[in-house]
Amino acid sequence: MRKYVIMGVQGSGKGTQSELLCDDLDLVHISVGDLFRWHVQNHTKLGAQVRRTMKSGELVSDDLVESVVRDRLDSHDWNFGFVVDGFPRNGRQAEFFMESYDIDGVIHLELSDDEVRRRVLSRRLCPGCGMDYNLIADRPKVEGRCDICGTTLITREDDTPEALAARLRDYYEKTKPVLELFRRKEVVHDVDAAPAADEVQASIRSTLGLPAYEPKS
Ligand code: AMP
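Residues numbered from 1 in each chain as written. Predicted model: local features only at pLDDT ≥ 70, side-chain atom pairs only at ≥ 80, totals over all residues. Heavy atoms only, no water.

J.: What should I look at first to understand the packing of helix H1 (residues 14-25) against helix H8 (residues 197-208) in this one?
T.: What describes two packed helices is the angle between their axes and the distance between those same axes. Here H1 crosses H8 at 60°, and the two axes come no closer than 10 Å. On the basis of their axis angle, the class for H1 and H8 is oblique. The way H1 lies across H8 gives a crossing that is right-handed. Facing Thr16, Gln17, Leu20, Leu21 and Asp24 of H1, the residues of H8 in contact are Ala197, Val200, Gln201, Ile204 and Arg205. Taken together, the residues of the contact of H1 with H8 break down into 5 nonpolar, 3 polar and 2 charged. (Axes fitted to C-alpha atoms, helices over the stretch in contact; angles between N-to-C directions. Helix = DSSP H or I, 4+ residues; strand = E, 2+ residues; numbered from the N terminus. Parallel < 35°, antiparallel > 145°, perpendicular 65-115°, else oblique. Left-handed = near helix turned anticlockwise from the far one by under 90°. Contact = heavy atoms within 4.5 Å. Nonpolar A, V, L, I, M, F, W, Y, C, P; charged D, E, K, R; others polar.)

Written out as structure tokens, the structure is:
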């Protein structure tokens, strides 16, 4: 069983790297942000509770987050393990997590603030199938349209300069200390997130002692 947490500032590629890892090793990707976005898009009661907070880039309340994470992890729908992405994000969430679950490693993606801004502000999302794009490195074939389903691409409501500033502030104030807690347990693997996605994935595999990554051509 392989159980990992992936951490890093917004735009550091947590989603992309988690998917590459999970697709290949048959792990389940548990993205707390994606779970919330699903609720917002499907107009659930929870979606209505978190929409405004997410739009502003602030953190959702710990009680809500913990119940969503508990429900998700309680479903035990993995055979080989999971990668948790976007959690824990503050001290209380870290305590809740460490009391309830064992993990094998924390992947920490490191990226400068300038590169974060450049990446996040050029990010686009397909509201139809969830595919994400980047106008710098990963453009859609037809401008503004999803390659997979043809839906018009949108900008995430929290990918604005104001919301990004709030998220960066939260990251340094609240999330970085969580990393220090994990460091004390000697489970953190620092990975440079600036190179191309394939290279970053290769570094993750090597630092975790996992089978080498073979990019799909
Ligand atoms: P993400 O896709 O991980 O950037 O998450 C998008 C938004 O979902 C965040 O800006 C928060 O509003 C909310 N969110 C996701 N994970 C958490 C968490 N662990 N704690 C609080 N809020 C969260």
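J.: Help me understand the nonpolar core in this model?
T.: Ranked by internal contacts, the top residues of the largest apolar core, which has 30 residues, are Phe36, Leu73, Phe87, Phe97, Val106 and Phe182. Elements with a contribution of two residues or more to this core: strand E1 (2-8), strand E2 (28-31), helix H2 (32-41), helix H3 (45-56), helix H4 (62-74), strand E3 (81-85), helix H5 (91-100) and helix H7 (161-184). It is H4 that contributes the most residues to this core, 5 residues altogether. Beyond its immediate stretch of four places on either side in the chain, Val106 contacts Val5, Met7, Leu179, Phe182, Val187, Val188 and His189. Of all hydrophobic cores here, the second largest spans 22 residues; its members include Tyr4, Val116, Leu164 and Leu210. (Core = buried A, V, L, I, M, F, W, Y, C linked by side-chain atoms within 4.5 Å. Buried < 20%, exposed > 50% of the residue type's maximum accessible area, 1.4 Å probe, protein only.)

J.: Which parts of the structure should I look at to understand the site of the ligand?
T.: Neighbouring the ligand are 16 residues, the closest being Arg37, Glu58, Val60, Gly86 and Gln93. At 2.9 Å from a nitrogen atom of the ligand is found a side-chain nitrogen or oxygen belonging to Gln93. With respect to the ligand, the side chain of Arg156 contributes an N or O atom lying 3.3 Å from an oxygen atom. Starting from 480 Å² of accessible surface for the ligand in isolation, the protein chains cover 97%. Per-element tally for the shell around the ligand: the top contributor is H2, with 4 residues. Looking at the shell around the ligand residue by residue, the classes come out as 7 nonpolar, 3 polar and 6 charged. (Near = heavy atom within 4 Å. Polar contact = N/O pair within 3.5 Å; in protein donor to acceptor, adjacent residues only side chain to side chain. Areas by Shrake-Rupley, 256 points an atom, 1.4 Å probe, with all protein chains shown as cover.)

J.: I'm lost on the packing of H2 against H3 in this one. Help?
T.: Running from amino to carboxyl end, H2 crosses H3 at an angle of 115°, the nearest separation of the two axes being 8 Å. With respect to the hand of their crossing, H2 and H3 are arranged in left-handed fashion. Contacts between H2 and H3 involve Gly33, Phe36, Arg37, His39 and Val40 on the former and, on the latter, Leu46, Gly47, Val50, Arg51 and Met54. Per-class residue counts for the contact of H2 with H3 are 5 nonpolar, 3 polar and 2 charged.

J.: What am I meant to see in the sheet that holds E3 here?
T.: Strand pairing within a sheet occurs via backbone hydrogen bonds; the two strands may be parallel or antiparallel. If you trace the 5 strands from one edge of the open sheet to the other, you get E2-E3-E1-E4-E7, paired in parallel fashion. Two strands bound the open sheet, and with one partner strand each, they are E2 and strand E7 (188-192). Going from strand to strand, the sheet's axes swing by 20° on average, the running direction of each strand aside. The pairing of E1 with E3 spans 5 bridges and is parallel. What sits directly across from Arg2, in E3, is Gly81. Set on the sheet, H8 makes contact with E1, strand E4 (105-110) and E7; between it and E7 the angle comes to about 155°. (Pairing = 2+ DSSP bridges.)

J.: Would you mind going over the UniProt feature "binding site: AMP" (unreviewed entry) in the protein with me for this structure?
T.: The residues that UniProt annotates with the feature "binding site: AMP" (unreviewed entry) are Arg37, Glu58, Leu59, Val60, Gly86, Phe87, Pro88, Arg89, Gln93, Arg156 and Arg167. Separation in sequence by 131 residues is matched in space for these annotated residues, since their most distant C-alpha atoms are 24.6 Å apart. Mapped onto the elements of the fold, Pro88 is located in the loop between E3 and H5. Those residues in contact with Pro88 that sit more than four places away from it in its chain are Val5, Met7, Gln93, Ala94, Phe97, Thr175, Val178 and Phe182. Here Arg156 shows up in the loop between strand E6 (132-134) and H7. When near neighbours in sequence (up to four residues on either side) are disregarded, Arg156 contacts Arg37, Arg123, Leu125 and Arg167. (UniProt positions renumbered as here; feature names shortened; annotations may be inferred.)

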